[in-house]
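Understanding the architecture of this molecule
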Amino acid sequence: MPAVTADPLALPRLPRLPEGETDWRRVAKVVTAQRHLEGEGFQVRRPFPGPDLALADPFLLLDHMGAVEYAPGEAKGTPWHPHRGFETVTYIIDGAFQHQDTSGGGGLIADGATQWMTAASGIQHIEQPPPELVAKGGLFHGVQLWVNLPRSQKWVPPRYQDIEARDVKLVAADDGSSLVRVIAGSVAGYDGPGVTYTPINYLHATVAPGARLALPWPRDFNALVYVLSGRGTAGVEEIALDEGQMAAFGGSHHKGTGDGLLLRAAGVQPQASANGWEILVLGGLPLREPVARYGPFVMNTREEIVQAFEDFQAGRMGTIPAERVPHLSSADEPLE
């Protein structure tokens, strides 16, 4: 890990933020992800939702899958299921996941690629490990993020974005020590390929052991940092943050010329994180709208949730395609 790597010294660099003039965000809360079983029985670590869901707005859920080395036959996925009212963003760091939906879309997400599914007005889909991973086993590591849609856009038609690993914008820290992958949003004018309805930033950074990463941050965005692997600290107060933990930063105090997030990797990392501290950095413009959620549906009112169930049961979220039977050659056909 990670799948997308580059020499930071050869990349464009983030600007150095002036220490005295930057309004450094402070950590408001640290959350340790809880373990859950999803789909057909694969384990995820989930830092939110929780009691402080408002801190994550406009994000609804973050599932950390792996890193895990599957034995043959162990890899599992999800059965067919519907969604309405939000977007699912699946980022595969190592290994692969395949997707199919009732609109005929889908494909393989692998090794640093992202699939951005806007469920919006409603769709059904299935997510499964590819047959080779099931048969042979292997390394798998990824995350799925749910991004809420504003009330005005919950009924737009479903759409997809397949973001290949090569499409992600790569930039270096101001000192050239660390690698930042911009999947969506914009950092210091460097734009990621993801097209969003809700204004957000979605970054994956590898912070070199002992290095400091300072990120300029939009003043009206919230800010979350989740640790994929390794250890480090968040904020000028240097709050310890280990694998499976998330720091939620407080809002801007509007004192400086700009906002910043300050992150430091520990000088000594676990063996699995020898290349550095692996973190997701998320932020977005809070919607501050009512949230009614039940299972796979996220709307604004209870009545809309009831309508979603009725529409799903009435077949208005697509039809699951029939299973395709492999063609038999004449030599394989059974004898009568």
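Everything numeric in this text was worked out from a predicted model, so none of it was measured.

This next bit is on the overall build of the protein. Helix and strand counts for the protein stand at two helices and 27 strands. Across its three principal axes, the protein shows a C-alpha extent of roughly 85 × 50 × 30 Å. Long-range pairs, those at least 24 residues apart, make up 74% of the contacts in the protein between residues at least 6 apart in sequence. Taking the 27 positively charged and 39 negatively charged side chains of the protein as two groups, their mean positions are separated by 7 Å.

With that settled, the discussion passes to unusual backbone geometry. Cis peptide bonds are those with omega within 30 degrees of zero, and the linkage from Phe48 to Pro49 qualifies with 20°. Within the secondary structure, Pro49 sits in the loop between β4 (42-48) and β5 (59-70). In this structure, the amide linkage connecting Gly66 to the following residue, Ala67, adopts the cis form with an omega of 0°. By the secondary structure assignment, Ala67 is in strand β5. Residues other than glycine seldom take positive phi values, yet Ala120 does so here, at roughly 45°.

Judged by how many residues are buried, strand β18 (residues 200-207) sits mostly within the fold: eight of eight residues are covered. The pairing of strand β15 (residues 179-184) with β18 spans five bridges and is antiparallel. When the sheet's bridge partners are listed, Val182 is paired in β18 with Leu203. As paired elements, β18 and strand β25 (residues 277-284) share eight bridges and run antiparallel to each other. Along β25, the bridge assignment pairs His204 with Leu280.

Glancing now at the environment of Leu285. Within the element layout of this structure, Leu285 appears in the loop between β25 and β26 (292-294). As a C-alpha pair, Leu285 and Ala223 span 62 residues in sequence and 9.7 Å in three-dimensional space.

Another aspect to go through is the confidence of the model for the protein. On average, residues of the protein score 90 in pLDDT, and 92% of them reach the 70 mark or higher. A low-confidence stretch, residues 324-336 (pLDDT under 50), is modelled with two contacts involving residues beyond four sequence positions or located in other chains.

Count 3.6 residues to each turn of an α-helix, and residues three or four apart come out pointing the same way. Compared with an ideal rise of 1.5 Å per residue, which puts 12 residues at 16 Å, helix α2 (residues 302-313) spans 17 Å between its outermost C-alpha atoms and is within 8% of the ideal. Buried positions along α2 lie against β26 and β27 (297-299). Just downstream of α2, Gly315 is the residue with a positive phi angle, here 80°.

Its place among the elements puts Asp311 in helix α2. With sequence-adjacent residues up to four places away left out, Asp311 is seen in contact with Arg84, Arg316 and Met317.

This paragraph deals with the packing of aromatic side chains. Going through the model one piece at a time under the given rule, you end up with six aromatic pairs. Ring geometry for Phe297 and Phe309: centres 5.0 Å apart, planes at 90°, overall edge-to-face. You can see Phe297 sitting in strand β27 and its partner Phe309 sitting in helix α2, a full 12 residues away along the chain. Residue Phe297 is classed as buried on the basis of its relative accessible area, which comes to 1%. Within the aromatic cluster, the residues linked to one another by ring pairs are Tyr70, Phe97 and Phe140.

Attention shifts here to the sheet that holds strand β23 (residues 245-249). Strand order across the open sheet formed by seven strands is β2-β23-β20-β25-β18-β15-β14, with antiparallel pairing between neighbours. On the outer flanks of this sheet lie β2 (27-32) and β14 (169-172), each paired with one strand and no other. Sheet twist, expressed as the mean angle between neighbouring strand axes with direction ignored, is 20°. The pairing of strand β20 (residues 224-229) with β23 spans three bridges and is classified as antiparallel. The residue bridging Leu224 from the neighbouring strand is Ala248, located in β23.

With antiparallel pairing, the seven strands of this open sheet are ordered in space as β3-β4-β5-β12-β7-β10-β13. A single partner strand is all that each edge strand has here, and the edge strands are β3 (34-38) and β13 (159-163). Taking the axes of each pair of neighbouring strands and ignoring which way they run, one obtains an average angle of 20° across the sheet.

Cut-offs and rules
Residues numbered from 1 in each chain as written. Predicted model: local features only at pLDDT ≥ 70, side-chain atom pairs only at ≥ 80, totals over all residues. Heavy atoms only, no water. Helix = DSSP H or I, 4+ residues; strand = E, 2+ residues; numbered from the N terminus. Contact = heavy atoms within 4.5 Å. Lys, Arg positive; Asp, Glu negative; His and termini not counted. Charge placed at Lys NZ, Arg CZ, Asp CG, Glu CD. Buried < 20%, exposed > 50% of the residue type's maximum accessible area, 1.4 Å probe, protein only. Pairing = 2+ DSSP bridges. pLDDT = per-residue confidence, 0-100. Expected span 1.5 Å × (residues − 1). Phe/Tyr/Trp six-rings, centres within 6.5 Å; stacked < 30°, edge-to-face > 60°. Axes fitted to C-alpha atoms, helices over the stretch in contact; angles between N-to-C directions.

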